[in-house]
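# Chains, contacts and geometry: an overview
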Amino acid sequence: METLTAPGMVDAHVHLREPGAAHKEDIWTGTAAALAGGVVAVLDMPNNTPPIVDEETWRRKASAFRARAVADYGLFLGYAGGAVDPLPRLAPRAVGLKLYLDETFGNLLLGRDRLAEVFAAWPGPGPIAIHAESASIRIALETAAGTGRRVHICHVPSPDDLLSIASAREKGLEVTCEVTPHHLFLSTADVPRLGAFGQMKPPLLPPAEVQRFWELLGLVDIIASDHAPHTRAEKEGPNPPPGVPGLETTLPLLFWAVEQKRLTWERLWELVYTRPLEIYGLKPPAEAHIEVEWRGPYRLGARGYRTKCGWSPYAGKMAYGFIRCVTLHRRTVFAEGRLLAQPGEGRPLQRAESCSQRE
Ligand code: NCD
Ligand code: ZN
């Protein structure tokens, strides 16, 4: 049987829910799920309770990661309104600034009237990562052009949005973008079966749009899971929150795409490893790699995940390959389904010396 060695994924968009919602996921279960999925490092979003927007909330979250993470990590800073002075002060420690221009889970919605001011206050070196659904993408791109700031558009909502981002880039704007596995491997055809378990922001697309996304994949910089776990009870409740888990399924789904020749092995690692590190200006996790048993295809299970939420919207979907072994900092941290890392073994990702958008 063939075993392939690869660098492992750097997942540029996850919500590990600590602090504030550890009943959905916590740093330990979330980073353990990462390793099980062949993800050696995660970039964690700031829409916690309380949101990560100042020195105090930053310090508490960073020390919780230091104590309990088993994968490497970087943290985003958020902005909740009010004075912008925490932004330049915390910028050197954050992988980027995350702004929410449209309603989603959490309380970080930013009024458009403040956008230019917040952009101007952010000194980098990390980019401004933006949650924007179609209409606000244009505003974000205009503001980026006006202020000269580098922006990264998270979970691009549709192929048309991808085209407008690509054309802004052609005009010289420093803009990069990411697409999620749910927008590539699920569609509105799955919604009757999934119900609220198929609800997320931005929402799933019709199958023809999913097909277009695949055709336009050459314009995409990053594939990131947007791992956003909520409990079964919350999803089955009267106001289901948006978001689906993805840390343990992204690579096996993408391996199946490689096996089907929808993607090359080399391009895969550009999308999930090289570009995330380049865009966020980070050094690779030290002495890390994964081993993949190249076998399949098989259908993803409904159970058996390490994520605390315990379900997957991809149950029944085709996948390929099994993550057999994960090495991080030269230590075997995951092997044959067993987690071998101790809490706190995960390290903060270090900044690369120069942080340019492209080499
Ligand atoms: C995310 C969450 O639950 O934190 N939900 C989602 O649907 N993607 C928030 C987000 O990334 O928008
Ligand atoms: Zn998200």
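The structure displayed is predicted, hence computed values, not measured ones. (Residues numbered from 1 in each chain as written. Chains lettered and ligands numbered in written order. Predicted model: local features only at pLDDT ≥ 70, side-chain atom pairs only at ≥ 80, totals over all residues. Heavy atoms only, no water.)

## Comments concerning the overall build of the chain
Scanning the chain from N- to C-terminus turns up twelve helices and 15 strands. A globule of 359 residues ought to have a C-alpha radius of gyration of about 21 Å, and the chain, at 19 Å, matches this closely. Once the C-alpha set of the chain is aligned to its principal axes, its extents read approximately 55 × 45 × 45 Å. Relative to its full complement of 359 residues, the chain shows a buried share of 61%. Pairs at least 24 residues apart make up 75% of the contacts formed inside the chain by residues separated by at least 6 positions. For the chain, the accessible surface area stands at approximately 13600 Å², while carbon and sulfur atoms represent 52% of it. Measuring between centres, the 40 positive side-chain charges of the chain sit 3 Å from its 41 negative side-chain charges. (Helix = DSSP H or I, 4+ residues; strand = E, 2+ residues; numbered from the N terminus. Rg over C-alpha atoms; globule rule 2.2 N^0.38 Å. Buried < 20%, exposed > 50% of the residue type's maximum accessible area, 1.4 Å probe, protein only. Contact = heavy atoms within 4.5 Å. Areas by Shrake-Rupley, 256 points an atom, 1.4 Å probe, with all protein chains shown as cover. Lys, Arg positive; Asp, Glu negative; His and termini not counted. Charge placed at Lys NZ, Arg CZ, Asp CG, Glu CD.)

## Brief notes about the side chain of Glu-18
With respect to the secondary-structure elements, Glu-18 resides in the loop between strand 2 (9-14) and helix 1 (27-36). Polar side-chain contacts of Glu-18 include one of 2.8 Å to the backbone nitrogen of Ile-27. In this structure Glu-18 touches Asp-26, Ile-27, Asn-48, Lys-61 and Arg-68, once residues within four positions along its chain are discounted. (Polar contact = N/O pair within 3.5 Å; in protein donor to acceptor, adjacent residues only side chain to side chain.)

## A word on the site of ligand 1
Ligand 1 sits among 15 residues. The nearest are Arg-17, Asn-47, Thr-104, Lys-201 and Asp-226. His-15 is positioned with one of its side-chain polar atoms (N or O) 3.1 Å from an oxygen atom of ligand 1. Burial of ligand 1 by the protein amounts to 100% of the accessible area it has alone, namely 310 Å². (Near = heavy atom within 4 Å.)

## Concerning the coordination of the zinc ion (ligand 2)
Metal coordination angles have textbook ideals: 109.5 degrees for a tetrahedral set of four donors and 90 or 180 degrees for an octahedral set of six. Within the protein, the zinc ion (ligand 2) binds to His-13 (NE2), His-15 (NE2) and Asp-226 (OD); these donor distances fall in the range 2.0 to 2.2 Å. Taken together, the four donor atoms surrounding the zinc ion (ligand 2) define angles of 88 to 144° at the centre, an arrangement classified as irregular. All donors to the zinc ion (ligand 2) come from one chain, and their sequence spacing reads H-x1-H-x210-D. Taken together, the residues span a long stretch of sequence, with His-15 in the loop between strand 2 and helix 1 and Asp-226 in the loop between strand 9 (222-223) and helix 10 (232-236) at a distance of 211 residues. When sorted by exposure, His-15 lands in the same class as Asp-226, which is buried. (Donors = N, O, S within 2.8 Å, 3.2 Å for Na, K, Ca; no water. Tetrahedral: all angles 85-135°; square planar, octahedral: opposite > 155°, others 65-115°.)

## What about the environment of Arg-331?
For Arg-331, the position within the fold is in strand 14 (residues 331-335). Along the chain, Arg-331 and Thr-57 lie 274 residues apart, while their C-alpha atoms are 31 Å from each other.

## Observations regarding the packing of helix 6 (residues 159-170) against helix 9 (residues 207-215)
Any two packed helices are characterised by the angle at which their axes cross and by the distance between the axes. Where helix 6 meets helix 9, the closest approach of the two axes is 9 Å, and the angle between their N-to-C directions is 30°. Here helix 6 lies roughly parallel to helix 9, going by the angle between them. From helix 6, Pro-159, Asp-160, Leu-162 and Leu-163 reach across to helix 9, where they touch Glu-209, Arg-212 and Phe-213. Among the residues forming the contact of helix 6 with helix 9, the class breakdown is four nonpolar, no polar and three charged. (Axes fitted to C-alpha atoms, helices over the stretch in contact; angles between N-to-C directions. Parallel < 35°, antiparallel > 145°, perpendicular 65-115°, else oblique. Nonpolar A, V, L, I, M, F, W, Y, C, P; charged D, E, K, R; others polar.)

## Focus on empty space enclosed by the protein
Going through the model one piece at a time under the given rule, you end up with three cavities of 30 Å³ or more. Put simply, the largest cavity is a space of about 110 Å³. In this structure, the largest cavity is lined by 17 residues; those nearest its centre are His-15, Thr-104, Asp-226, Ala-228 and Pro-242. Taken together, the residues of the lining of the largest cavity break down into five nonpolar, eight polar and four charged. (1 Å grid on protein atoms, 1.4 Å probe; cavity = no way out; pocket = protein on both sides within 12 Å on 5 of 7 lines; lining within 4 Å. Points joined across faces, edges and corners; volume = space filled by probe spheres on them.)

## Some details on the packing of helix 1 against helix 2 (residues 55-68)
Packing of helix 1 against helix 2 leaves a shortest axis separation of 9 Å and a crossing angle of 55°. Classified by the angle between their axes, helix 1 and helix 2 sit oblique to one another. In the packing of helix 1 onto helix 2, the handedness of the crossing is right-handed. Across the interface between the two elements, Ile-27, Trp-28 and Thr-31 of helix 1 pack against Ala-64, Phe-65 and Arg-68 of helix 2. Across the contact of helix 1 with helix 2, the residue classes break down as four nonpolar, one polar and one charged. (Left-handed = near helix turned anticlockwise from the far one by under 90°.)

## Observations concerning the layout of surface pockets
The computed volume of the largest pocket comes to approximately 350 Å³. In this structure, the largest pocket is lined by 18 residues; those nearest its centre are Ala-36, Glu-248, Tyr-298, Phe-322 and Ile-323. Sorting elements by how many residues they give to the lining of the largest pocket places strand 13 (residues 322-328) first, with three residues. Residue composition of the lining of the largest pocket, grouped by class: eight nonpolar, five polar and five charged. Taken as a whole, the second largest pocket spans an internal volume of roughly 290 Å³. Trp-58, Arg-93, Ala-94, Pro-348 and Leu-349 are, among the 16 residues lining the second largest pocket, the residues nearest its centre. Elements represented by at least two residues in the lining of the second largest pocket include exactly helix 2 and strand 4 (72-78).

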